[in-house]
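Architecture at a glance
Spelled out, the chains give:
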Amino acid sequence: MLKTLKTLFKSAKVKKDPSDQDLKLAAATLMFEVVRSDGRIDQVELIYMGEILRREFKLSETELEELFKLAKDTANEATSLQGFTRDICDNWGNPKRMKLLEYLWMLALADDQIDPHERHLVRKVAGLLYLNEAQILESREQAKRELGISKTNKS
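First, a word on scope: everything that follows refers to the structure included in this document. (Residues numbered from 1 in each chain as written. Predicted model: local features only at pLDDT ≥ 70, side-chain atom pairs only at ≥ 80, totals over all residues. Heavy atoms only, no water.)

Okay, the overall build of the protein chain next. Along the protein chain, the regular secondary structure elements total eight helices and zero strands. Reading the secondary structure of the protein chain in the N-to-C direction produces α-α-α-α-α-α-α-α. Split into buried and exposed, the 155 residues of the protein chain put 45% on the buried side. Put simply, 73% of the contacts in the protein chain that link residues at least 6 apart link residues at least 24 apart. Here the protein chain has roughly 9,200 Å² of accessible surface; of this, 54% comes from carbon and sulfur atoms. (Helix = DSSP H or I, 4+ residues; strand = E, 2+ residues; numbered from the N terminus. Buried < 20%, exposed > 50% of the residue type's maximum accessible area, 1.4 Å probe, protein only. Contact = heavy atoms within 4.5 Å. Areas by Shrake-Rupley, 256 points an atom, 1.4 Å probe, with all protein chains shown as cover.)

Written out as structure tokens, the structure reads:
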């Protein structure tokens, strides 16, 4: 019996490395969290999210639809963002994490304004991705350039 318990505890401690699909789902779930963080899901934000996921992960339409559904379901079931960000931090380098943050800013800016809840969530994710203030600001400015938003805009 003691041997069985030891085996059980050992297997519970073993953490499998996330697959490429797991990391895509983690990123998509974080994106969906930003999209819904202001209390509404705008169509323009979903369109941007789809374009980002399709381009970044080279997904077919079917794969994109499935990832969207999984991201939504995962976000609805999630109790914390740390599991998603931990896997990303463990497997993606700093430039790729900064690119993800840029995408999160793009989603927050997609409707031409950043809701305080969106800003808070993006900054929280940035902290969980171990990105500093300079990287956060750089990612936000890059997102604005990508969207064609001038620096005079109050976002």
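Anyway, onward from the coordinates.
Okay, the environment of Ala126 next. As for its position among the elements, Ala126 is in helix H7 (residues 116-128). What makes Ala126 buried here is its relative accessible area of 0%.

Okay, the pattern of salt bridges next. Going through the model one piece at a time under the given rule, you end up with eleven salt bridges. Across the salt bridge formed by Glu102 and Lys99, the nearest N and O atoms sit 3.3 Å from each other. In this pair, Glu102 and Lys99 are both assigned in helix H6 (residues 94-109), three residues apart and thus about one turn of the helix distant. Judged by relative accessible area, which is 5%, Glu102 ranks as buried. For Glu133, the salt bridge goes to Arg123, with nearest N and O atoms at 2.8 Å. You can see Glu133 sitting in helix H8 (residues 133-147) and its partner Arg123 sitting in helix H7, a full ten residues away along the chain. Each of Asp38, Arg40, Asp42 and Asp111 takes part in salt bridges that share partners, so that together they form one network. (Salt bridge = Lys/Arg side-chain N within 4 Å of Asp/Glu carboxyl O.)

Applying the stated criterion to the full structure yields one cavity of 30 Å³ or more. When its volume is computed, the largest cavity comes out at roughly 50 Å³. Those elements that provide at least two residues to the lining of the largest cavity are helix H2 (20-36), helix H3 (43-57) and H6. Residue contributions to the lining of the largest cavity peak at four residues, all from H6. Considered class by class, the residues forming the lining of the largest cavity number six nonpolar, no polar and three charged. (1 Å grid on protein atoms, 1.4 Å probe; cavity = no way out; pocket = protein on both sides within 12 Å on 5 of 7 lines; lining within 4 Å. Points joined across faces, edges and corners; volume = space filled by probe spheres on them. Nonpolar A, V, L, I, M, F, W, Y, C, P; charged D, E, K, R; others polar.)

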